[in-house]
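# Structure assessment
Each chain, written out:
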Amino acid sequence: MENLDFALYTQWSAYATLFFAVLAIAAFLFKWGIRFRLVGTTGFMIVLTIGLFGLSLGLFSRSVVPGAVRYALVYDNGANLAVVSVKPEVTAEEINATLRQASNDLFSYGRIGNGDNKFTVRLRVMSHPEPGVSEPLYLGQVQRAIADRENGALDIQLYPENLKKLPQPNAIS
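Residues numbered from 1 in each chain as written. Predicted model: local features only at pLDDT ≥ 70, side-chain atom pairs only at ≥ 80, totals over all residues. Heavy atoms only, no water.

## Comments concerning the overall build of the protein chain
Within the protein chain, the regular secondary structure consists of four helices and five strands. Written out in order from the N terminus, the α and β elements of the protein chain read α-α-β-β-α-β-β-β-α. Whereas a compact globule of 173 residues would reach a radius of gyration of roughly 16 Å, the protein chain reaches 25 Å, over 25% beyond that. Structurally, the protein chain occupies a C-alpha span of about 80 × 40 × 30 Å along its principal axes. Within the span of the protein chain, comprising 173 residues, buried residues form 32% of the whole. Entry remark: accessible area of the protein chain is about 10900 Å², with carbon and sulfur atoms responsible for 61%. (Helix = DSSP H or I, 4+ residues; strand = E, 2+ residues; numbered from the N terminus. Rg over C-alpha atoms; globule rule 2.2 N^0.38 Å. Buried < 20%, exposed > 50% of the residue type's maximum accessible area, 1.4 Å probe, protein only. Areas by Shrake-Rupley, 256 points an atom, 1.4 Å probe, with all protein chains shown as cover.)

Now the structure itself:
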């Protein structure tokens with residue numbers, strides 16, 4: 001969802017809140033039996049509108065790296081290591097972009113470094129060298145500082161020897 005979606009939802013929720021507030025006032029004026037329920041509904045709508053407004057401020061900002069492919073999070077120790085998996089039909093450029101995307105997506109200020117203060121994301125595919133045998137094949141990794149999100153210094157390493165083991169035409173360029 002984008003922030004513009006939340007802004008639109010906030011606007012419509014505010015309209016609904018005003019409607020229920022007017023309805024609650026009318027219920028008290030005409031002594032309807034549901035007047036206290038309408039007060040509760042109005043209170044709920046106020047809380048909902050405030051929550052949507054908070055979300056519309058941009059709390060979910062996510063950058064998109066061009067060329068990145070869809071990945072699945074395989075392992076995350078919550079500290080300094082995460083492993084993502086992609087489909088075997090991937091190129092070196094897509095690996096590079098996907099490592100950048102995963103490093104941005106999985107970054108969190110709550111991570112701890114365990115001594116080296118580096119957050120490492122490894123990218124792998126599942127290789128099947130023979131029928132009935134599966135093994136992970138690591139294609140690359142990226143390291144970034146744990147404590148500084150603004151530091152754009154990413155140490156990206158690709159493993160060309162493993163990339164050559166992928167089905168062709170994925171040879172490294």
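## Describing the pattern of salt bridges
Taken as a whole, this structure holds one salt bridge when the rule is applied. Across the pair Asp 76 and Arg 111 runs a salt bridge, and its minimum N-O distance is 2.7 Å. You can see Asp 76 sitting in strand S1 (residues 72-76) and its partner Arg 111 sitting in the loop between helix H3 (92-106) and strand S3 (118-130), a full 35 residues away along the chain. On the accessibility criterion, Arg 111 (9% relative accessible area) is buried. (Salt bridge = Lys/Arg side-chain N within 4 Å of Asp/Glu carboxyl O.)

## Observations concerning the sheet that holds S3
Strand order in the open sheet formed by five strands is S1-S2-S3-S4-S5, and the pairing between neighbours is mixed. Sheet topology places S1 and strand S5 (155-158) at the edges, where each strand pairs with a single neighbour. Between one strand axis and the next, the sheet turns by 25 degrees as a mean value, whatever way the strands run. Inspection of the sheet shows strand S4 (residues 133-145) paired to S5 by four bridges, in the antiparallel sense. Each bridged residue has a counterpart across the sheet, and for Gly 140 the counterpart in S5 is Leu 158. (Pairing = 2+ DSSP bridges. Axes fitted to C-alpha atoms, helices over the stretch in contact; angles between N-to-C directions.)

## Some thoughts on the pairing of S1
With four bridges joining them, S1 and strand S2 (residues 81-85) adopt antiparallel strand pairing. Note that in S2 the partner of Asp 76 across the bridge is Ala 82. As consecutive antiparallel partners, S1 and S2 are separated by four residues, and within that stretch Gly 78 has a phi angle of approximately 75 degrees, a positive value.

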